[in-house]
Amino acid sequence: MRNVWIIAARELRHYFVSPVAYALAFMVFLILGGIFFINVFFGLQSGYVSPDGRIVMGPLVTILLFITPAITMRLIADEYRMGTIELLLTAPVRDWELVTGKWLGSMLFMLAILVVTWAYPLILHRMSTPGIDQGILLAASLGIVLMVAAMLGIGVMVSAFFRSPLAAFFVTLSVLLVLWIAGGLGVGTGVASEIARQLSFVDHFYGSFYRGLLSLPDVLYYVSLTVLALFLGAQAVEARRWG
Amino acid sequence: MNRSKLASIAWVAGAALLLASLAWYVINQASDLTLQIGVALGFLLLAAAVLLDPQRLRRAFTGRQARYGSNALLLTAAVVGVLAVVNFLAYNNPQSIDLTETQDFSLTPETLLILDQLQEPVQLIGFYTPDSADGRDLTRALFDVYQRNSRGKITYEFTDPRANPVAADHYGVQRDASIVVTVGSASEVLSYPSEEEVTGAILRLTNPEGRKVYFIVGHGERDLDGVDEAGYSQVRQALEAKNYQVDTLSPLSEGSIPQDALALVIAGPSVDLPEAEAKLIEEYLSQGGALVVLAEPSAALAAQSPVEPLGGYLKQKWGVEYQDDLVLDLTSSLPLTAIAAEYGEHPITTRMRNLRSYFPSARSLQLQSAAESPLQPTPLLRTASNSWGETDYASLTEGGDLAFDEGVDFPGPLLLAAAVEDPETGSRLVVIGDSDFAANADFLALGNGDLLVNSIDWAARQEALISLTPKPAISRFVLPPSTQVIGGVFLITIILIPAAVLAAGTYVWWSRRRRG
C-alpha cells in the first residue's frame, strides 16, 4: 500500500508542475464560470433563475468527458515511451500497485479541480432564499466523484495499452463515448435493452445522484467499473513482462 | 511466396470474410445465400491457414505467451464474473438513501402503513413508448421506492404499448405513459405517476367493492357504445379500465335510482328531462348522491326551454345556472371551440397537471354563491378574456361577422365548468357546459378525457380515499441581486478563478524555464 501512496504523490507533484495540467484546469474553470455567469445573468434579466446547485453540474459532466482522457493519457504510456517502465518493472512494485498509484495520483488532482467547482453552487446558495437544496448538491457531487474515478480508471487502463499518449487520449475518449451512448441502445423493454441501459455511463448518474438519490446499484456500478479498469490495466502492464 | 506468408494472408482474409458476413447479417437481418457462402468461405480460409502453417497454431497454444495469456484470461473472467454478480444482486435489491431536503423519493407514513398491511401481491406495470423515456425514468424511481418498502409484495415491470398492444388492450391502456396497478385479476389504469394515485389505486383494488356509475339515457344522450366520433365508447373504456362498472339507467322506466349508484352522469341530453325524472335525481342527490351534468348549448339542441326542470333545480338548489349562449373564443383557431385558459383550485383540475382542454360548441355557466349557504362551489375552468357568450344564434348561421355585442352577449372570461359540494348531505355535483369534449373525436386530446374522468372520480368520492401527509414544499428563489453582487459574481467566476490558475501555471512554467 505504501508503494501506491509513493507513486500517487509523485504523480500528483508532476501534475502541479506541468503546464498542460494548468491549461486544462484553466479551460474547465473558464467554461464553467462562463456557463454559470451567463445562466445567472440572463436568467435574472428574463426574470427567473432556478436556485439549483446543478446549474454547473450538468455541463461539468460533459466537460469531464473530454478532460479526463487528457489527464490520464500520459500516465503509463509515457513510461513506455521514455523507457522508464523498465525501471518501474524491476523495482519492488507490483503491477496493481503501479496502476492504482497512477490512478490515485490523477484522482487527487481531479479532486482538487472538483473542490473548486463547488464555488459556483455556493455562490448561488448565497444569492437565494432559503438557499439551494444541499442534499441534491451533495448527492450530485458524490456521483461526479464516483464517475470521475471510473473515467480515470478507464484512462489509466487505456494508457497501459499504448506507447503513444495521443493514441491513449483518443482511445480513452472513444471508450468513454461508447459507454456514454450505450444507454441509447436500451430503448426497448427486453433483457438486452435492460443490460444496455445498465451499462450506460451517464444514466447511472442522471437517474439517481443528479436527482438527490444515493442508490447502491449506481454506486456499485461506478466502483465496479473502476476496479475492472484498474485490474485490466494491471494485466496490460504484466503483459509487457512476457514480451 | 512461402507457406507461412500464405497462411498469414489466409488468416486475415478468413477473419475479414467472417466479419463481413456478420455485417451482412446485421444489415439484412436474414440468412440468405450470400451469407452462407461468405461464412463457408471464411471458415475454409481459416482451415487453409491452419493447414498451411500448423506450427503457428501449436506455438500459440503452448508457448510462454499462451500460458500467461490463458492465466490472464481466466483471472479476467473471474473478476468480471464477480463484479457482474455483485451488480446483479444490487440491481435486484435497490437500496438507496434520499438526500433531497423535501424527501422527493420517500413515501409518506400513510402509504408505508398501507404497504405494511398488504396481503396480496401487487404488480405495477408502466406502459411507456421510447418517446417518453424521461417519464419512464421518473416512474421507475417511484416504483423502486414502492418495491423497496413492500416486503416483496410489490413488483414492477415496464412495457412498450406499441410493441405489446395485446397487453395494453388487456388492461385498457389508451395512451402512452400510463401505469397499471394490478391486484389478482383486478387492475386499474392511472395517468399520473404520483404517490397519491398509486397508493389510492392499491387501496381501491385491495378493498374491492362495486363501483357503479350510471349514465342516464332516454333523452338523446351520448351513446356509451357508440364508436363514431360523437360516441362515448372511449369514456366507457376509460372508466372500466379504472375499475368502474358502467351502466345505463332510465329513471322513468326503473322508477327509482339504484342504491349502488356512486354517481349519475347526464351526458349531453338533446331534450329536457321530464319533471318526474328530475324529481328522482333531486331525491337521490339529497341523500348524498353525486351527479355529473354535461350540458350542450341550446343552440345545438332541438328544443329550447331555458328553464327545464333539471336546470331550474340546479340553479335553485346548487346555484349553478346555465347561460343561454354559445361560447366563441378568439384565442382558438376555431372560434366555436372554447379553450380552458384558467383552471380553478380543485382536486379535479389539480390532477390535470396543467394539461389544456378544449370544448367544441360550449355554453357558459354562472355560479351564484349565497353568503349563508353551506354549499362549497368551485369554478373549475374559465376561458380567456377575448371570448364571449354569443346569444344571437341567427348571426352565426347567416355567416355574419363574429363580434361581441355589448349588453346582449355575455362578456368573457366565461365559466365553463363548476363543482359544488354540499357538506351537509355529502352530495357532489359537477356541471360542464359541453359534452363534445369527451366524445371519441376529442377524448384522448390533451386533458379532455382526464377532465371527465377526474370529475366522475371526484363526484363518486374515489379521487382520494386517503389523504397523504403533504410533503414539505420549499419554494426557493434567487433574490434579485444588486449591481455590486452581479459585479462580484462576474469578478469571481469569470476573472478570479481562471486567472489564479493561469497565474500559477505561468509561474510554474517560468520557474522551470529559468532552472532550465
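Residues numbered from 1 in each chain as written. Chains lettered and ligands numbered in written order. Predicted model: local features only at pLDDT ≥ 70, side-chain atom pairs only at ≥ 80, totals over all residues. Heavy atoms only, no water.

**Q** Quick question: what am I supposed to make of the interface of chain A and chain B here?
**A** Interface size is often expressed as the accessible area that is lost when the parts come together. Facing 57 residues of chain A, the contacting portion of chain B comprises 56 residues. The closest approach of N and O atoms between R476 of chain B and D133 of chain A, which form a salt bridge, is 3.9 Å. At the surface where chain A touches chain B, the tally comes to nine residue pairs in polar contact (both at pLDDT 80 or more). With 12 residues, helix α2 (residues 19–46) of chain A is the largest single contributor of residues to the side of chain A that touches chain B. Residue composition of the side of chain A that touches chain B, grouped by class: 36 nonpolar, 17 polar and four charged. (Contact = heavy atoms within 4.5 Å. Salt bridge = Lys/Arg side-chain N within 4 Å of Asp/Glu carboxyl O. Polar contact = N/O pair within 3.5 Å; in protein donor to acceptor, adjacent residues only side chain to side chain. Helix = DSSP H or I, 4+ residues; strand = E, 2+ residues; numbered from the N terminus. Nonpolar A, V, L, I, M, F, W, Y, C, P; charged D, E, K, R; others polar.)

**Q** Just to check I follow, could you spell out the side chain of E11 of chain A for this structure?
**A** Residue and element names in this part refer to chain A. By the secondary structure assignment, E11 is in helix α1 (residues 2–16). Since its relative accessible area comes to 1%, E11 is described here as buried. A polar atom in the side chain of E11 sits 3.4 Å from the side chain of R74. Residues in contact with E11, not counting those within four places in the same chain, are R74, L75, E79, K102 and G105. (Buried < 20%, exposed > 50% of the residue type's maximum accessible area, 1.4 Å probe, protein only.)

**Q** Mind showing me how you'd approach the sheet that holds strand β2 (residues 122–127) of chain B here?
**A** Within a sheet, adjacent strands bond to each other through the backbone by hydrogen bonds, running parallel or antiparallel. Residues and elements named next belong to chain B. Pairing is mixed in the open sheet, where four strands are placed in the order β3-β2-β4-β5. Two strands in the sheet have a free side with no partner beyond their single neighbour: β3 (154–159) and β5 (186–190). Each strand axis lies, on average, 20 degrees off the axis of its neighbour in the sheet, ignoring direction. As judged from the five bridges shared by strand β4 (residues 178–183) and β5, these two strands associate in the antiparallel manner. Within the sheet, the bridge partner assigned to V183 lies in β5 and is A186. (Pairing = 2+ DSSP bridges. Axes fitted to C-alpha atoms, helices over the stretch in contact; angles between N-to-C directions.)

**Q** Mind showing me how you'd approach the packing of aromatic side chains here?
**A** Each aromatic ring pair is described using two quantities: the centre-to-centre distance and the angle formed by the ring planes. The tally for this structure, following the rule as stated, stands at 21 aromatic pairs over all chains. Summarising the aromatic geometry, the rings of F37 of chain A and F490 of chain B are spaced 5.1 Å apart at their centres and angled 65 degrees between planes, so their arrangement reads as edge-to-face. Pair noted here: F37 of chain A is in helix α2 and F490 of chain B is in helix α16 (residues 483–515), and the two residues belong to different chains. Overall, F37 of chain A belongs to the buried group, its relative accessible area being 12%. Measuring from centroid to centroid gives 5.5 Å for F143 of chain B and Y156 of chain B, while their planes differ by 55 degrees, and the two rings are tilted. Of this pair, F143 of chain B sits in helix α6 (residues 133–148) while Y156 of chain B sits in strand β3, and the two are 13 residues apart along the sequence. Judged by relative accessible area, which is 1%, F143 of chain B ranks as buried. Geometry around W318 of chain B places K317 of chain B over its ring, the cationic atom sitting 4.4 Å from the centre. (Phe/Tyr/Trp six-rings, centres within 6.5 Å; stacked < 30°, edge-to-face > 60°. Lys NZ or Arg CZ within 6 Å of the ring centre and 35° of its normal.)

**Q** I'm lost on helix α12 (residues 309–318) of chain B in this one. Help?
**A** The periodicity of an α-helix, 3.6 residues per turn, causes residues three or four places apart in sequence to face the same way. Taken together, the buried positions of α12 of chain B are L310, G311, G312, Y313, L314 and W318 of chain B. At the exit of α12 of chain B stands G319 of chain B, carrying a positive phi of roughly 75 degrees.

**Q** Mind showing me how you'd approach unusual backbone geometry here?
**A** Glycine aside, the phi torsion of most residues is negative, and most peptide linkages are trans. For the bond running from T129 of chain A to P130 of chain A, omega is -10 degrees, close enough to zero to count as cis. Along the chain, P130 of chain A turns up in the loop between β1 (128–129) and α8 (134–161). For R151 of chain B, which is not glycine, the phi torsion reads 50 degrees and is therefore positive. Topologically, R151 of chain B is positioned in the loop between α6 and β3. The backbone phi angle of A177 of chain B is positive, close to 65 degrees, even though this residue is not glycine. Relative to the helices and strands, A177 of chain B is located in the loop between α7 (165–171) and β4.

**Q** Got a minute to help me understand the packing of helix α7 (residues 119–127) of chain A against α16 of chain B in this structure?
**A** The axes of two packed helices give the description: the angle between them and the distance between them. Taken N-terminus to C-terminus, the directions of α7 of chain A and α16 of chain B make an angle of 175 degrees; their axes are 12 Å apart at the nearest point. Between α7 of chain A and α16 of chain B, the angle is such that the two are roughly antiparallel. Here A119, Y120, I123 and M127 of chain A of α7 of chain A come into contact with α16 of chain B, specifically with V485, V489, I492, T493 and I497 of chain B. By residue class, the composition of the contact of α7 of chain A with α16 of chain B is eight nonpolar, one polar and no charged. (Parallel < 35°, antiparallel > 145°, perpendicular 65-115°, else oblique.)

**Q** Explanation requested: the pairing of strand β17 (residues 387–390) of chain B in the structure shown.
**A** In the case of a regular strand, side chains alternate between the two sheet surfaces. All names here are of chain B. Here β17 shows no split at all, with S387 and G389 on one side and W388 and E390 on the other all buried. Alignment of strand β11 (residues 326–329) against β17, held across four bridges, turns out to be antiparallel. From the neighbouring strand, D329 faces β17, where its bridge partner is S387. Bridge count for β17 against strand β18 (residues 410–411) is two bridges, and the pairing is antiparallel. When the bridges of β18 are listed, W388 appears paired with P411.

**Q** What's the story with the nonpolar core in this structure? I'm lost.
**A** A general trend in soluble globular proteins is that nonpolar side chains are found buried together. By size, the foremost hydrophobic cluster in this structure holds 86 residues, and its most contacted members are F36, I144, M147, F201 and Y222 of chain A. Broken down by element, the residue count for this core peaks at 15 residues, all from α8 of chain A. Counting 43 residues, the second largest nonpolar core, distinct from the first, contains Y232, Y244, L381 and I432 of chain B. (Core = buried A, V, L, I, M, F, W, Y, C linked by side-chain atoms within 4.5 Å.)

**Q** Would you take a moment to explain the confidence of the model for chain B for this structure?
**A** When pLDDT is low, close inspection of the predicted coordinates is not appropriate. Residue and element names in this part refer to chain B. Averaged over all residues, the pLDDT of chain B is 84; the fraction at 70 or higher stands at 95%. Highest mean pLDDT in chain B belongs to β2 (93); lowest belongs to helix α14 (residues 393–397) (71). Taken together, the chains of this predicted complex give a pTM of 0.68 and an interface ipTM of 0.86. (pLDDT = per-residue confidence, 0-100.)

**Q** So what exactly am I meant to see when it comes to the environment of D78 of chain A here?
**A** Residues and elements named next belong to chain A. Its place among the elements puts D78 in helix α4 (residues 77–82). With a relative accessible area of 15%, D78 lands in the buried category. Discounting chain neighbours no more than four positions away, the residues touching D78 are T84 and P165. Of note is the side chain of D78, whose polar atom sits 2.8 Å from the side chain of R81.

**Q** Explain the packing of α8 of chain A against helix α9 (residues 165–182) of chain A here, please?
**A** Residues and elements named next belong to chain A. Put simply, α8 and α9 touch, their axes get as near as 9 Å, and they point 135 degrees apart. Comparing the axis directions of α8 and α9 gives the class oblique. Handedness of the α8/α9 crossing: right-handed. Contact with α8, carried on its side by M147, M151, I154, G155, V158 and S159, involves A168, V171, T172, V175, L176, L179 and W180 of α9 and no other residues of that element. By residue class, the composition of the contact of α8 with α9 is 10 nonpolar, three polar and no charged. (Left-handed = near helix turned anticlockwise from the far one by under 90°.)

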